[in-house]
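Fold and geometry: a report
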Amino acid sequence: MQQHRYQYGQDPSQWGELFLPDLSADSKHRGVVVVIHGGYWRSTYGAELGEPLAKDLAEHGMAAWNLEYRRAGNGGGWPGTFQDILAGIDKLAALAGPHSLDLGKVVALGHSAGGHLAVWAAGRDRLDGLGTAEACQVNNTNDGVRLTGVVSQSGVLNLAEAERLGLSNGAVGNLLGGPSSDFPGRHRVADPMAVLPLDVPVYAVHATADDDVPLRMSTTYVDASRSAAVPARLATVPGDHFALIDPAAEAYVTCRELVGKLLG
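Residues numbered from 1 in each chain as written. Predicted model: local features only at pLDDT ≥ 70, side-chain atom pairs only at ≥ 80, totals over all residues. Heavy atoms only, no water.

As named in an unreviewed UniProt entry, the protein chain is Pimeloyl-ACP methyl ester carboxylesterase, taken from Pseudarthrobacter defluvii.

See the structure below:
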């Protein structure tokens, strides 16, 4: 296995680490998995949460890009966190040649707040259609790298409901600089629910004993996606919130299998 670290911007948090299984001569990796860590978008938590997953994916034959980004408290929040997720994914275009990456299949694996960001990024083509000036602030591009699938691990997929519930001491307002009553445009652009229906397959995996992110964060998203050409699918797994990022846990193994299915 190889590891390569790259910056995609000037900030200390704008980097990713590429974990690559060994290849035979003249062959390519079968797609790439973008690993996006959680932590309720706060700077307390970082890419160390995603590293064991990226290593495990590479050990199972999948190229993995463990993505760090600015969070609320270290230059992130609105719009920095969202700019970084798109820029970090787009960095793969520059890495594809040197590392024999096949960008025909790019799947995101996101945990908790990272699940939100992964599903949000899958809807980047629909942001301009929201009719809000704030959509321009995330630096979306028409020629960026597109996700072809997402596995959300107890993702915060319904931002309006997460705000209403006050999850993690007001984490949504902390991410977006204030409540939806003050910044309705930001909240709309940031909410994966706003860009449904998607034409990208999403597996909303949720741990049955999750006390950090309620199951309804996944079920309400899946229910709202039913009219889509490719409706999201719900998968419940045993364990708590962190079983999803424990490579030895059944909950995580299910996620890895779904990622492999999406890569084809």
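Regarding its fold elements, the protein chain presents nine helices and eight strands. Against the globule reference of 18 Å for 264 residues, the protein chain gives a C-alpha radius of gyration of 17 Å, in line with a compact fold. In the protein chain, of all internal contacts separated by at least 6 residues, the share reaching a separation of at least 24 is 76%. For the protein chain, the exposed surface amounts to about 10,300 Å²; the carbon and sulfur share of it is 47%. Positive and negative side-chain charges in the protein chain, numbering 20 and 29 respectively, have mean positions lying 4 Å apart. (Helix = DSSP H or I, 4+ residues; strand = E, 2+ residues; numbered from the N terminus. Rg over C-alpha atoms; globule rule 2.2 N^0.38 Å. Contact = heavy atoms within 4.5 Å. Areas by Shrake-Rupley, 256 points an atom, 1.4 Å probe, with all protein chains shown as cover. Lys, Arg positive; Asp, Glu negative; His and termini not counted. Charge placed at Lys NZ, Arg CZ, Asp CG, Glu CD.)

Let us look at the packing of aromatic side chains. Aromatic ring pairs are reported here in terms of the distance separating the ring centres and the angle at which the planes meet. A full pass over the atoms with the stated rule returns three aromatic pairs. With 5.9 Å between their ring centres and 70° between their planes, Y40 and W41 make a pair best called edge-to-face. Accessibility classification places Y40 together with W41 in one group, the buried group. Linked through ring pairs, W78, F82 and W120 together constitute an aromatic cluster. (Phe/Tyr/Trp six-rings, centres within 6.5 Å; stacked < 30°, edge-to-face > 60°. Buried < 20%, exposed > 50% of the residue type's maximum accessible area, 1.4 Å probe, protein only.)

Here we come to the sheet that holds strand β2 (residues 15-20). In space, the eight strands of this open sheet follow the order β1-β2-β4-β3-β5-β6-β7-β8, with mixed pairing throughout. Lying at the two open borders of the sheet, with one neighbouring strand each, are β1 (2-7) and β8 (233-237). Here the strands of the sheet are splayed against their neighbours by 20° on average, with no regard to which way each runs. The pairing of strand β3 (residues 32-36) with strand β4 (residues 63-67) spans five bridges and is parallel. Bridge pairing in β4 places V35 opposite N66. Here helix α1 (residues 51-59) sits on the sheet and contacts β1, β2, β3, β4, β5 (106-111) and β6 (149-153); the angle it forms with β2, its principal contact strand, is near 30°. (Pairing = 2+ DSSP bridges. Axes fitted to C-alpha atoms, helices over the stretch in contact; angles between N-to-C directions.)

A word on the layout of surface pockets. Quantified by volume, the largest pocket comes out at close to 160 Å³. Along its surface, the largest pocket is lined by G38, G39, Y40, R42, Y45, L49, H111, S112, S168, D212, H241 and F242. (1 Å grid on protein atoms, 1.4 Å probe; cavity = no way out; pocket = protein on both sides within 12 Å on 5 of 7 lines; lining within 4 Å. Points joined across faces, edges and corners; volume = space filled by probe spheres on them.)

Attention now moves to α1. Helical geometry note: an α-helix holds 3.6 residues per turn, so side chains three or four residues apart project in the same direction. Listed as buried for α1 are L53, A54, D56, L57 and A58. Elements that come into contact with the buried residues of α1 comprise β2, β3, β4, β5, β6 and α9 (250-263). At the C-terminal side of α1, G61 shows a positive phi close to 90°.

The next point concerns the packing of α1 against α9. Remark: α1 packs on α9, axes separated minimally by 11 Å, with the N-to-C direction vectors making an angle of 55°. Taken together, the axis directions place α1 and α9 in an arrangement best described as oblique. When you trace α1 past α9, the crossing you get is right-handed. Here α1 contributes L53, D56 and L57 to the contact with α9, which in turn contributes Y252, R256 and V259. Across the contact of α1 with α9, the residue classes tally to four nonpolar, no polar and two charged. (Parallel < 35°, antiparallel > 145°, perpendicular 65-115°, else oblique. Left-handed = near helix turned anticlockwise from the far one by under 90°. Nonpolar A, V, L, I, M, F, W, Y, C, P; charged D, E, K, R; others polar.)

For E68, the position within the fold is in the loop between β4 and α2 (80-90). For E68, a relative accessible area of 5% puts it in the buried group. A distance of 2.7 Å separates the side chain of E68 from the side chain of H37, its partner in a polar contact. (Polar contact = N/O pair within 3.5 Å; in protein donor to acceptor, adjacent residues only side chain to side chain.)

Take V119: it is sitting in helix α4 (residues 113-122). Here the alpha-carbon distance between V119 and M1, two residues 118 residues apart in the chain, equals 28 Å. V119 has contacts with V150, S152, L157, P192, L198, V202 and Y221, leaving out every residue within four places of it along the chain.

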